[in-house]
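# A structural walkthrough
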Amino acid sequence: AQSVAQPEDQVNVAEGNPLTVKCTYSVSGNPYLFWYVQYPNRGLQFLLKYITGDNLVKGSYGFEAEFNKSQTSFHLKKPSALVSDSALYFCAVLLYNFNKFYFGSGTKLNVKP
Amino acid sequence: SQTIHQWPATLVQPVGSPLSLECTVEGTSNPNLYWYRQAAGRGLQLLFYSVGIGQISSEVPQNLSASRPQDRQFILSSKKLLLSDSGFYLCAWSVRRGEETQYFGPGTRLLVL
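Within every chain, residues take consecutive numbers counted from 1 along the sequence as written. Each chain is given a letter, starting from A, and each ligand a number, starting from 1, according to the order in which they appear as written. Local features in this predicted model are restricted to residues whose pLDDT is 70 or higher, and side-chain atom pairs enter the listing and the counts only when it is 80 or higher, whereas totals over whole chains, interfaces and linings include all residues. Water and hydrogen atoms were dropped before computing side-chain values, which therefore reflect all heavy atoms in the structure.

## Section: the state of the cysteines
Sulfur atoms of two cysteines make up a disulfide when they are within 2.5 Å. This model, assessed by the stated rule, comprises two disulfides over all chains. There is a disulfide in this structure between Cys23(A) and Cys91(A), and the S-S distance comes to 1.9 Å. Looking along the S-S bond of the Cys23(A)-Cys91(A) disulfide, the torsion reads about -65°, which is the left-handed sense. Placement of Cys23(A) in the loop between strand 3 (19-21) and strand 4 (24-26) and of Cys91(A) in strand 10 (residues 87-95) is noted, with a sequence separation of 68 residues between them. Across the pair, Cys91(A) and Cys23(A) agree in class, each one buried. A sulfur-sulfur distance of 2.0 Å marks the disulfide that ties Cys23(B) to Cys91(B). In this structure the cystine formed by Cys23(B) and Cys91(B) twists about its S-S bond by roughly -75°; its chirality is therefore left-handed. A residue pair is termed long-range when its members are at least 10 positions apart, and Cys23(B) in strand 3 (residues 19-26) and Cys91(B) in strand 9 (residues 87-94) qualify at 68 residues. Here Cys23(B) and Cys91(B) have matching classes, each one buried. The numbering of helices and of strands both runs from the N terminus, where a helix is a DSSP run of H or I of at least 4 residues and a strand a run of E of at least 2. Exposure classes here rest on a 1.4 Å probe applied to the protein chains alone. A residue is buried below 20% of its type maximum, exposed above 50%, and partly exposed in between.

## A few points about the interface of chain B and chain A
When checking whether two residues touch, look at their non-hydrogen atoms; a contact exists if any pair is within 4.5 Å. If you look at the interface, chain B gives 26 residues, while chain A gives 26 residues. By definition, the buried area sums, over both parts, the 1.4 Å-probe accessible area that each loses when the two are put together. Contact between chain B and chain A buries roughly 1900 Å² in total, counting both sides, with carbon and sulfur atoms accounting for 51%. Each salt bridge in this description consists of a side-chain nitrogen of Lys or Arg and a carboxyl oxygen of Asp or Glu lying within 4 Å of one another. Connecting chain B to chain A are zero salt bridges. Polar contacts, as counted here, are pairs of nitrogen or oxygen atoms within 3.5 Å of one another; within protein the pair requires one atom able to donate a hydrogen and one able to accept it, and residues that are adjacent in sequence qualify only if both atoms are side-chain atoms. Our count for the chain B to chain A interface comes out at four residue pairs in polar contact (both at pLDDT 80 or more). Elements supplying a minimum of two residues to the side of chain B that touches chain A: strand 4 (32-38), strand 5 (44-52), strand 9 and strand 10 (103-104) of chain B. When residue character is reported, Ala, Val, Leu, Ile, Met, Phe, Trp, Tyr, Cys and Pro are called nonpolar, Asp, Glu, Lys and Arg charged, and the others, Gly included, polar. Classifying every residue of the side of chain B that touches chain A gives 11 nonpolar, eight polar and seven charged.

## Digging into the nonpolar core
Residues and elements named next belong to chain A. Grouped together as the largest cluster of nonpolar side chains are 28 residues, with contacts concentrated most on Trp-35, Leu-47, Leu-48, Phe-74, Leu-76 and Tyr-89. Among the secondary structure elements, those contributing two or more residues to this core are strand 2 (10-14), strand 3, strand 5 (31-38), strand 6 (44-50), strand 8 (64-68), strand 9 (73-78), strand 10 and strand 12 (107-112). Among the elements that make up this core, the one with the highest residue count is strand 10 (five residues). With residues near it in sequence (within four places) discarded, Leu-48 still touches Leu-33, Phe-34, Trp-35, Val-57, Lys-58, Gly-59, Phe-63, Glu-64, Ala-65, Phe-74 and Leu-76. Think of a nonpolar core as a cluster: buried Ala, Val, Leu, Ile, Met, Phe, Trp, Tyr and Cys residues, connected wherever their side-chain atoms sit within 4.5 Å.

## Quick look at the sheet that holds strand 7 (residues 64-70) of chain B
Residue and element names in this part refer to chain B. Overall, antiparallel pairing links the four strands, which are arranged 1-3-8-7 in an open sheet. Of all the strands in the sheet, just strand 1 (3-7) and strand 7 have a single pairing partner and so form its edges. Looking at each pair of strands side by side, their axes are set apart by 20° on average, direction ignored. Inspection of the sheet shows strand 3 paired to strand 8 (residues 73-78) by six bridges, in the antiparallel sense. Note on strand 8: the bridge partner recorded for Leu-21 is Leu-76. The criterion for strand pairing is that DSSP finds at least two bridges linking the strands in question. In this description, a line fitted to the C-alpha atoms serves as the axis of each element, helices being fitted only across the stretch in contact, and the angle between N-to-C directions of two axes falls anywhere from 0 to 180 degrees.

## Some words on the packing of aromatic side chains
Any two of the Phe, Tyr and Trp rings considered here, Trp counted by its six-membered ring, make a pair once their centres fall within 6.5 Å; the pair's planes then place it as stacked at under 30 degrees, edge-to-face at over 60, or tilted in between. Tallied over the full model, the rule gives 20 aromatic pairs over all chains. Relative to Tyr36(B), the ring of Phe103(A) has its centre 5.6 Å away and its plane inclined at 90°; by these criteria the two rings are edge-to-face. With one member in each of two chains, Phe103(A) in strand 11 (residues 101-103) and Tyr36(B) in strand 4 form a pair that bridges those chains. Here Phe103(A) falls in the buried class, since its relative accessible area comes to 14%. Its relative accessible area of 1% is what places Tyr36(B) among the buried residues. Members of the aromatic cluster, connected to one another through ring pairs, are Phe34(A), Tyr36(A), Phe46(A), Phe90(A), Phe101(A), Phe103(A), Tyr34(B), Tyr36(B), Tyr49(B), Trp93(B), Tyr103(B) and Phe104(B).

Here is the structure:
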């Protein structure tokens, strides 16, 4: 069965510090990996994706993510957190040609001034 | 550029009443369309997806149904709402190749009383 795990329900970071939001996956075949962000009472916004190529992917708002095939992980990172980064973050996996995403349970990021 | 609309933004309905939520996409043709439900501000549950007019796949059996009367219109319906239908409903679209990003609408907040 395909699955995506976000082991941390919540991540607390001080503004200006680096942040990491973790994601691991279990799928058969080669996955396409995504990160989305959701602000309160809003739809999900696309941040970045890994399809193939360089394991380090850069996305919107200064975020990046590193694909690690051996650890089946796709952690989201940012060198310096902003208070405005506080939101709910979702990792997702798409199996090619299956037209379906598998979403993680979400991680709430709190960035404190 | 592509835009996705959902309405209404907020809805309060009594138990047993009917439901109709609408989603439309502009700026693209032949999209894949999706309905998700998000309960308690967390995980996303895929309800329906459609790869073309009149083609609907149901992921979770329940008292909801979906229809796609036009290429860029996706409707979520119920004949009789249950308390458990309360939640945040998100529509999303993607190009039909199957490996592309899903883009989400702003969502509809449904409260069943």
